[in-house]
Amino acid sequence: APPTPSPVPPTSTPVPTTTATPIPPTASPTTTPTATPAIHPNAATLLRASVKAMSKVHQLHAEGMVTDGFGAKDALTFTADCDIPAQKVHLLGQQRDSHGTLTRVEIIKIKTNAWARTRTGQGAWSRWIALKGDAQLILIYVMPQACPQLIGGKFGVPPHLTNTGPSTVDGVATWHLQAHGKSQGEPVRLNLYVDQATSVWRRYALSQIAPKKKDTVVEDTRYSQFDVPVTISAPNG
């Protein structure tokens, strides 16, 4: 008789492998950076540096306005080119009176001599001794703004001077200095914009608002074209 086969042992049921659930990593704590306060240069130091820088400028171009009791509508506006070492100024000014009449004045000043005419580019020139009316007013009120270096004198640190922070003037990065005080009992405010790179003035604005309109003064001038040569000659005739 054939041999009886040995019984096959039952296949053991595999024990399932338990997959461990991964433990999520501990999140790193989020640190909120502390804002560092902006540090602005000292206002008085900036002002002194700007006065020094302006004293070294030989030529410049100025555009501005001044009111002296006229009101903004009747402001006297001007453009000027200055050659400081040669003490030369070429200035164009205009003002519209309360009746809407526009007056234009062209002035050339070389050292102690000056000439003016009321029709820009035409008309006869008058010498300094004959300057009257609008030409005299422009020389008195505008010249200190157009060519501040020609006036001379010391520029002291005004009261309550602060550096309000960065600003721009005609696309140029500046520091905005601000000061306020009183003159003849009336409040005065100064805004000076100092070039961050060169320390020259980019804008000078001063206002004195008085109860009486005739006592109100507003001056606002922008400077550019520093040390760009200009040609200013005495007029013919």
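The preceding data block contains the structure.
Read on for a plain summary of the structure. (Residues numbered from 1 in each chain as written. Predicted model: local features only at pLDDT ≥ 70, side-chain atom pairs only at ≥ 80, totals over all residues. Heavy atoms only, no water.)

Concerning the overall build of the protein chain
Thought 1: The helix and strand inventory of the protein chain stands at four helices and 11 strands.
Thought 2: Split into buried and exposed, the 237 residues of the protein chain put 35% on the buried side.
Thought 3: Sequence-distant contacts, at least 24 apart, represent 44% of the contacts inside the protein chain between residues at least 6 apart.
Thought 4: When the accessible area of the protein chain is evaluated, it comes to approximately 15,200 Å², of which 56% is carbon and sulfur surface. (Helix = DSSP H or I, 4+ residues; strand = E, 2+ residues; numbered from the N terminus. Buried < 20%, exposed > 50% of the residue type's maximum accessible area, 1.4 Å probe, protein only. Contact = heavy atoms within 4.5 Å. Areas by Shrake-Rupley, 256 points an atom, 1.4 Å probe, with all protein chains shown as cover.)

Describing the layout of surface pockets
Thought 1: Reported here for the second largest pocket is a volume of approximately 330 Å³.
Thought 2: Elements supplying a minimum of two residues to the lining of the second largest pocket: strand 8 (172-183), strand 9 (186-195), strand 10 (201-208) and strand 11 (217-224). (1 Å grid on protein atoms, 1.4 Å probe; cavity = no way out; pocket = protein on both sides within 12 Å on 5 of 7 lines; lining within 4 Å. Points joined across faces, edges and corners; volume = space filled by probe spheres on them.)

Considerations on the state of the cysteines
Put plainly, a disulfide is one covalent bond tying together the sulfur atoms of two cysteines.
Thought 1: Taken as a whole, this structure holds one disulfide when the rule is applied.
Thought 2: At a sulfur-sulfur separation of 1.7 Å, the disulfide partner of Cys 82 is Cys 147. When the S-S torsion is -70°, as for the bridge of Cys 82 with Cys 147, the disulfide is left-handed. A residue pair is termed long-range when its members are at least 10 positions apart, and Cys 82 in strand 2 (residues 76-83) and Cys 147 in the loop between helix 3 (143-146) and helix 4 (148-151) qualify at 65 residues.
Thought 3: Relative accessible area serves as the criterion here: at 0%, Cys 147 is assigned to the buried category. (Disulfide = S-S within 2.5 Å.)

Some thoughts on the pairing of strand 8
Thought 1: With seven bridges connecting them, strand 7 (residues 162-169) and strand 8 associate as antiparallel partners. The residue of strand 8 that forms the bridge with Gly 165 is His 176.
Thought 2: Linking two consecutive strands that pair antiparallel, namely strand 7 and strand 8, is a turn of two residues; a positive phi of about 55° is found at Asp 170 within it.
Thought 3: The pairing of strand 8 with strand 9 spans 10 bridges and is classified as antiparallel. In the sheet register, Thr 174 faces strand 9, and the bridge partner there is Asp 195.
Thought 4: In this structure, the hairpin formed by strand 8 and strand 9 is closed by a connection of two residues, where Gln 184 is found at a positive phi of approximately 55°. (Pairing = 2+ DSSP bridges.)

Considering the nonpolar core
Thought 1: Counting 37 residues, the largest nonpolar core has Leu 60, Leu 91 and Leu 177 as the members making the most contacts within it.
Thought 2: The biggest single contributor to this core is helix 1 (residues 43-55), with five residues. (Core = buried A, V, L, I, M, F, W, Y, C linked by side-chain atoms within 4.5 Å.)

Quick notes on the packing of aromatic side chains
Thought 1: All chains considered together, the criterion is met by two aromatic pairs.
Thought 2: Geometrically, the ring pair formed by Trp 201 and Tyr 204 is stacked, given 5.7 Å between the ring centres and 15° between the ring planes. Grouping residues by exposure puts Trp 201 and Tyr 204 together as buried.
Thought 3: Between Trp 201 and Tyr 223, the aromatic rings sit 6.5 Å apart at their centres with planes inclined by 55°, giving tilted as the arrangement. Of the two residues, Trp 201 is situated in strand 10 and Tyr 223 in strand 11; the sequence distance between them amounts to 22 residues.
Thought 4: Taken together, the ring pairs in this structure connect Trp 201, Tyr 204 and Tyr 223 into an aromatic cluster. (Phe/Tyr/Trp six-rings, centres within 6.5 Å; stacked < 30°, edge-to-face > 60°.)

Considering the side chain of Glu 219
Thought 1: Residue position: Glu 219 is located in strand 11.
Thought 2: The side chain of Glu 219 is buried and forms no salt bridge, while Arg 203, the nearest opposite charge, is found at 12 Å.
Thought 3: What Glu 219 contacts, discounting residues up to four positions off in sequence, is Met 65, Val 66, Gln 145, Tyr 204, Ala 205 and Leu 206. (Lys, Arg positive; Asp, Glu negative; His and termini not counted. Salt bridge = Lys/Arg side-chain N within 4 Å of Asp/Glu carboxyl O.)

Thoughts on the side chain of Arg 117
Thought 1: Following the sequence through the fold, Arg 117 ends up in strand 5 (residues 113-117).
Thought 2: Take Arg 117: its relative accessible area is 14%, and that puts it in the buried class.
Thought 3: Not counting chain neighbours up to four residues away, the residues in contact with Arg 117 comprise Arg 104, Val 105, Glu 106, Gln 122, Gly 123, Ala 124 and Trp 125.

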